[in-house]
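Read off the chains here:
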Amino acid sequence: MSVESHSASSMASSMDKSPLLQGVFNPAGVAVVGASANPDKIGYQILHNIIAGGFAGQIYPINPKEKSILDHPAYPSVADIPGVVDFAVIAVPAPFVLRTLEDCAKKNIKSAIIITSGFGEVGKIEEEKQLKKFADGHRLALLGPNTLGVVYTPSKLNASFGPRDILPGKIAFISQSGALAISLMGWTMMEKIGLASLISLGNKADIEEKELIEYFNHDENVETIVIYMEGINDGRKFLRTRIEKPVIVLKVGRSQRGAKAAASHTGSLSGADRIYDAAFKQMGILRADTFTQAFDWSRGLSLPQPRGEETLIITNGGGIGVSATDECERQGIKLFEDPAWLEERFRPTMPAFGSTKNPIDITGQGHGQQYQLATQVALEAEKINNLIILYCETAVTDPMEIARSIEAQYSGSGRKKPLVVAMVGGERSRAALHYLNEKHVPAFSAVDEAISALKVLFTWQEIAQRPKDYPVIEPPPQGAIAIIEKARREKREILMEHEARQVLELCGVPTPKWGFAEGQDLEQALQKAEGLYPLAMKIASQDIVHKSDVGGVAVNIKDPQEFKQQYAAMLSRISEACPQARIAGVNLIQMVKGLECIIGMSRDPQFGPVVMFGLGGVFVEALKDVSFRIVPFGEIEAGRLIQDIQARKILDGFRGMQAHQPSIIRTLCAVQRLADHVKEIDINPLMTDTHGSFAVDARIVL
Ligand code: ACO
């Protein structure tokens, strides 16, 4: 159920409502407005879930007719509640919702969830806006409307009409889809994955992902936040979210549907999903491809932080050992290597035909005792930082016995190192891995899942230790603004090339030596060309968009002699091809050699101005090997942006090609100065070599 386009919450709210969410998760009293004695009604089911879940606070059913529901005294309205109530669950038909909120505000209730459907998702945008307006006006945190409810296991609160049984844990799951939240509740139960919270966001009229993430930043019951996302209402608000704990997002809709036909190259290379990707990278959010991956990662992230990279594999089978080795290499996990030391320490843990190379193969005869022994050696060894334990099911071993042995050894050691387990087999192995999960030892049914759960710890460690990037984007200088304003007054949508180059230069973008000879004056042109040879000459006319198509470009002009010939030839070609074109003059640009790059800026409907970087030529044409970041970002993030492209090796130096990264970084920061003043920028090519980078050609769309 996509609600993005219907929601009213695009009205950005500057109010920080995340502290008010305390009322949602730890209420002293909960009112269920629309509670019913009829088990077929949603209001009955919610009340029943709250009571059956064991919530210890006060529970107040609100119903105009009933005296008592499910053995709890009922009240005709919120105003009649005798005690303190700080959270209202609203399940009355849509026409009564606003009035119910008014009652809540009078009772000084600061948080509410609206279960009721029939707002933005069916086109009732105005009605939804009224809810938001009321919530802002009365400093009320409002979840929904159109939600399944909310669950928070630390306070045993199940204020939802979803399933009842949820295993407590440390993961908060925020879902934009109610249906998916229901199915996930059942799945996590089956897989023995514990949840601290489950929040069905609904239409997000008021509370969105940002407030919830920031609330959970301070909640010690939550270690990891998993979000199912279809879209966000306000990209720039989302970008300001403080990420202090691992946040894993499963963002659906990777298609290029959102890519828009734009006037610039940069615009056509963007598209919604690439920009979301950029936002997540910039924010330090982990993006998962599937649900299972998101929950695999969240379990991995419950492990202690790795103290180093050296990783050991213990296995009972050669095949899965080899596949784990391959997978470690693919995912960039470093395997510990010291054959003599491994032989000395691990030989006593296995039969004579076992292998002490990493993977440590305790053989198909490895029972719980051998696993326990090998695990103990690995956990006690200073040299080993991380442990991957593999088991493939055999007829002579008992997976549950092995799981118990591993768990006992790990818990007994104080769980100081990351340890993941893969139990590969049938029903017996599955039961064993569920046992491990219940004991908070991350266990998986496939080798790659276990390794991915370990790898994410390193990824998060890198994110958590990143130096902070503090972007300071200066406004463009007055001279640059004057050029832009002049073009605007002349009702031009695109700056002429020399204007664009001048604007960029004034903002701090390095350019090659260049000159502009006005009109059709050969003497003046010759003077301007002095000191620029070898140079490129390009016609400047607001009536000519594709200069080379009409013979408006001549390159590699070596001296004044050649210049005179080329100048005359070009003007005659132009007067033949476009006799009506107004000639502003000719651009004269010193030829520069190097690696061709492209830098651009365009506007995304959700996130606003975005900056793109890639290698030029075939890399951008055929491979679309470009990367994005959202304005504003500083030099540190710009450095990460350029390292994001597939062809990054070439930037670092490859077969005589090399990029001057500091000047590319400066250019990426400099173009941001124009973000509030122009619509799109293409610097194509930006030529770079070991000495510097130069914006050779530029296009600026107003
Ligand atoms: N104050 C207190 N109680 C009230 C009020 C009021 N202002 N108005 C009505 N009530 C009582 C009613 O008397 C009734 O109790 P009763 O059974 O004793 O008569 C109870 O509240 C419910 O009211 P109904 O009119 O019977 O409404 P119903 O229960 O049929 O529907 C509901 C209400 C559930 C909110 C409905 O309008 C709705 O929106 N349903 C969809 C919910 C939904 O799907 N949400 C999205 C979830 S995501 C997902 O599903 C995947």
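Structure shown above.
Residues numbered from 1 in each chain as written. Predicted model: local features only at pLDDT ≥ 70, side-chain atom pairs only at ≥ 80, totals over all residues. Heavy atoms only, no water.

Draft legend 1. Spotlight on the site of the ligand. Of all residues adjacent to the ligand, which total 22 residues, the nearest are Ser36, Lys41, Asn63, Lys65 and Ser117. Within the backbone of Ile115, an N or O atom sits 3.1 Å from a nitrogen atom of the ligand. Expressed as a share of its isolated accessible area of 1,000 Å², the protein-covered part of the ligand is 72%. Of the residues that constitute the shell around the ligand, the class distribution is twelve nonpolar, eight polar and two charged. (Near = heavy atom within 4 Å. Polar contact = N/O pair within 3.5 Å; in protein donor to acceptor, adjacent residues only side chain to side chain. Areas by Shrake-Rupley, 256 points an atom, 1.4 Å probe, with all protein chains shown as cover. Nonpolar A, V, L, I, M, F, W, Y, C, P; charged D, E, K, R; others polar.)

Draft legend 2. Region of interest: the packing of aromatic side chains. According to the stated counting rule, one finds 17 aromatic pairs in the structure shown. Pairing Phe25 with Tyr152 gives two aromatic rings, centres 5.1 Å apart and planes at 55 degrees, and the pair type is tilted. With a gap of 127 residues between them, Phe25 in helix H1 (residues 22-25) and Tyr152 in strand E8 (residues 149-152) connect regions that are remote in the sequence. The pair Phe25 / Tyr152 is uniform in exposure class, with both members buried. Arranged with centres 5.7 Å apart and planes meeting at 70 degrees, the rings of Tyr215 and Phe216 form a pair that is edge-to-face. As far as the burial class goes, Tyr215 and Phe216 line up, both buried. The lysine or arginine in question, Lys251, covers the ring of Tyr276, its NZ or CZ lying 4.4 Å from the ring centre. Here the guanidinium or amino end of Arg501 rests over the ring plane of Trp514, the centre of that ring lying 5.2 Å away. (Phe/Tyr/Trp six-rings, centres within 6.5 Å; stacked < 30°, edge-to-face > 60°. Helix = DSSP H or I, 4+ residues; strand = E, 2+ residues; numbered from the N terminus. Buried < 20%, exposed > 50% of the residue type's maximum accessible area, 1.4 Å probe, protein only. Lys NZ or Arg CZ within 6 Å of the ring centre and 35° of its normal.)

Draft legend 3. How the structure looks around the nonpolar core. By size, the foremost hydrophobic cluster in this structure holds 136 residues, and its most contacted members are Phe25, Leu212, Phe216 and Phe346. The biggest single contributor to this core is helix H16 (residues 447-465), with ten residues. Not counting the four nearest positions on each side in its chain, Phe25 is found in contact with Val150, Tyr152, Ser155, Ser197, Ile199, Leu212, Tyr215 and Phe216. One finds Ala500, Ile599, Ala647 and Leu651 within the second-largest nonpolar core, a separate group that totals 43 residues. (Core = buried A, V, L, I, M, F, W, Y, C linked by side-chain atoms within 4.5 Å. Contact = heavy atoms within 4.5 Å.)

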